[in-house]
Protein chains: 2
Amino acid sequence: MPMLTDPVAHLRDAGLRVTRPRLAVIEVLGRQPHADVDSISDAARAELGTVSTQAIYDVLKALTAVGLVRRIEPAGSPARFELRVGDNHHHVVCRSCGAIADVDCAHGSAPCLTASNDHGFSIDEAEVTYWGTCPDCSASTTSTVRQIPEGTP
Amino acid sequence: MPMLTDPVAHLRDAGLRVTRPRLAVIEVLGRQPHADVDSISDAARAELGTVSTQAIYDVLKALTAVGLVRRIEPAGSPARFELRVGDNHHHVVCRSCGAIADVDCAHGSAPCLTASNDHGFSIDEAEVTYWGTCPDCSASTTSTVRQIPEGTP
DNA sequence: CACCTTTTCTGGAATCATTCAAGAATATGC
DNA sequence: GCATATTCTTGAATGATTCCAGAAAAGGTG
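Notes on the structure follow. (Residues numbered from 1 in each chain as written. Chains lettered and ligands numbered in written order. Predicted model: local features only at pLDDT ≥ 70, side-chain atom pairs only at ≥ 80, totals over all residues. Heavy atoms only, no water.)

A short note on helix H4 (residues 53-65) of chain A
Residues and elements named next belong to chain A.
Okay, so step 1: In this model, H4 (13 residues) spans 18 Å end to end at C-alpha, consistent with the 18 Å of a helix rising 1.5 Å per residue.
Okay, so step 2: Turning to H4, its buried residues number three or more, namely Ile56, Val59, Leu60, Ala62 and Leu63. Relative to the axis of H4, the buried residues are bounded by an arc of 165 degrees and lie together on one face. Among the exposed residues of H4, those oriented more than 90 degrees off its buried face are Gln54, Lys61 and Ala65.
Okay, so step 3: Lining the buried residues of H4 we find helix H1 (7-13), helix H2 (20-31), helix H3 (37-48), strand S2 (69-72) and strand S3 (80-83).
Okay, so step 4: Looking at the residues trailing H4, positive phi occurs at Gly67, about 85 degrees. (Helix = DSSP H or I, 4+ residues; strand = E, 2+ residues; numbered from the N terminus. Expected span 1.5 Å × (residues − 1). Buried < 20%, exposed > 50% of the residue type's maximum accessible area, 1.4 Å probe, protein only. Arc of directions from axis to C-beta. Contact = heavy atoms within 4.5 Å.)

What about the packing of H2 of chain A against H4 of chain A?
All names here are of chain A.
Okay, so step 1: Packing of H2 against H4 leaves a shortest axis separation of 10 Å and a crossing angle of 75 degrees. Taken together, the axes of H2 and H4 lie roughly perpendicular to each other. Contacts from Pro21, Arg22, Val25, Ile26 and Leu29 of H2 reach H4 at Ile56, Val59, Leu60, Ala62 and Leu63. (Axes fitted to C-alpha atoms, helices over the stretch in contact; angles between N-to-C directions. Parallel < 35°, antiparallel > 145°, perpendicular 65-115°, else oblique.)

Describing the state of the cysteines
Note on terminology: a disulfide is the covalent bond linking the sulfur atoms of two cysteines.
Okay, so step 1: Summed over the entire model, instances satisfying the criterion amount to zero disulfides over all chains.
Okay, so step 2: In this model Cys134 of chain A remains outside any disulfide bridge; the closest cysteine sulfur is found in Cys137 of chain A, 3.6 Å from its own.
Okay, so step 3: Residue classification places Cys134 of chain A among the buried positions, given a relative accessible area of 4%.
Okay, so step 4: Considering cysteine sulfurs only, Cys94 of chain B is the nearest to Cys97 of chain B, which forms no disulfide, with 3.6 Å between them. (Disulfide = S-S within 2.5 Å.)

So, the sheet that holds strand S5 (residues 100-104) of chain B
Okay, so step 1: Taken in spatial order, the six strands make up an open sheet running S5(A)-S4(A)-S6(A)-S6(B)-S4(B)-S5(B), and their pairing is mixed. Two strands close off the open sheet at either side, each with one partner strand: strand S5 (100-104) of chain A together with S5 of chain B. Taking the axes of each pair of neighbouring strands and ignoring which way they run, one obtains an average angle of 30 degrees across the sheet.
Okay, so step 2: Sheet topology places strand S6 (residues 122-133) of chain A next to strand S6 (residues 122-133) of chain B; eleven bridges connect them, and they run antiparallel. Within S6 of chain B, the residue paired with Glu125 of chain A across the bridge is Trp131 of chain B. (Pairing = 2+ DSSP bridges.)

Describing the protein's contact with DNA strand C
Okay, so step 1: Gln54 and Tyr57 of chain A together with Thr19, Arg22 and Ser52 of chain B are the nearest of the 19 residues found near DNA strand C.
Okay, so step 2: In this structure, a phosphate oxygen belonging to DNA strand C sits 3.0 Å away from a main-chain N or O atom of Val18 of chain A.
Okay, so step 3: Here Arg17 of chain B contributes a side-chain N or O atom positioned 3.0 Å from a base oxygen of DNA strand C.
Okay, so step 4: If you list the elements that add at least two residues to the surface near DNA strand C, you get H4 of chain A together with helix H2 (20-31) and helix H4 (53-65) of chain B.
Okay, so step 5: Per-element tally for the surface near DNA strand C: the top contributor is H4 of chain B, with three residues.
Okay, so step 6: Looking at the surface near DNA strand C residue by residue, the classes come out as nine nonpolar, five polar and five charged. (Near = heavy atom within 4 Å. Polar contact = N/O pair within 3.5 Å; in protein donor to acceptor, adjacent residues only side chain to side chain. Nonpolar A, V, L, I, M, F, W, Y, C, P; charged D, E, K, R; others polar.)

Structure follows, in structure tokens:
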């Protein structure tokens, strides 16, 4: 992962000051991709002892603005963040537990960007969200939805 | 638009009671696709005289649950709703003004659903959001950002 | 057609994520 | 080392959405 080799250098390259909260956030995102603000705060606090929620929001905004971090926001779930990796990947979101995983689009590096360039919009990005059920949730909900315990005849 | 021929029948078919707020919401969505809750409330109130915000939310939830209405939620914007049409279309969202337009995916009726079925998720829907600039915003921001009116030499 | 049950609507308050504001602390260039 | 611009802290505000309990209305039934 070229992204994590030197967070300090990456911050400097982006013209951002190197601060402890920023390094902590980057470090956390390296370990937990798709984390939400809450998880990031918790993990960062575990590392630094204390960080304000504002600082986390500000850091994420700054990192997102320079493109070091990417913000994803699946419907119905708070914003999540991931280290920006060069490749053009998308996400699968679990309908029941909200888990997110990366998915490389089947069409190579520039998937689906060829919308029938409708309505005069100039399109610069195609974001694909796959909705489904994650392995864990599939396992616990065998076929249809049945809450009745096994032993009930 | 087969969807609008008889809202009453559609409600009945879906097993929902026919109430004035529901008819109003459907009627409004027929005229303003991609409306947010606020616009829907306003338009519905203009028609019925008075409707509580709750009623609007409840109606939208009920209609969405039975599939008569589809909820879309582009990042950074409140939820928007559209009458569920059978075809599998996607949306272009304008980055500066938030305008939304429908886009038929270039791949026919089941676009991009062929994600490299990663991580064991069972995928049932692919949602594509195109991000760009709408004609109006493109026009007012000619090349770089310039607010200077045309007549200024 | 009147009645009864279920579902829906009203009004008000609560929640969650996110943002705003003003001052204190800190990183960086000279 | 110091000055200054940027970043972090604390505390409160905002906006969308949901929860709650009671009043009203819809639709099937006798």
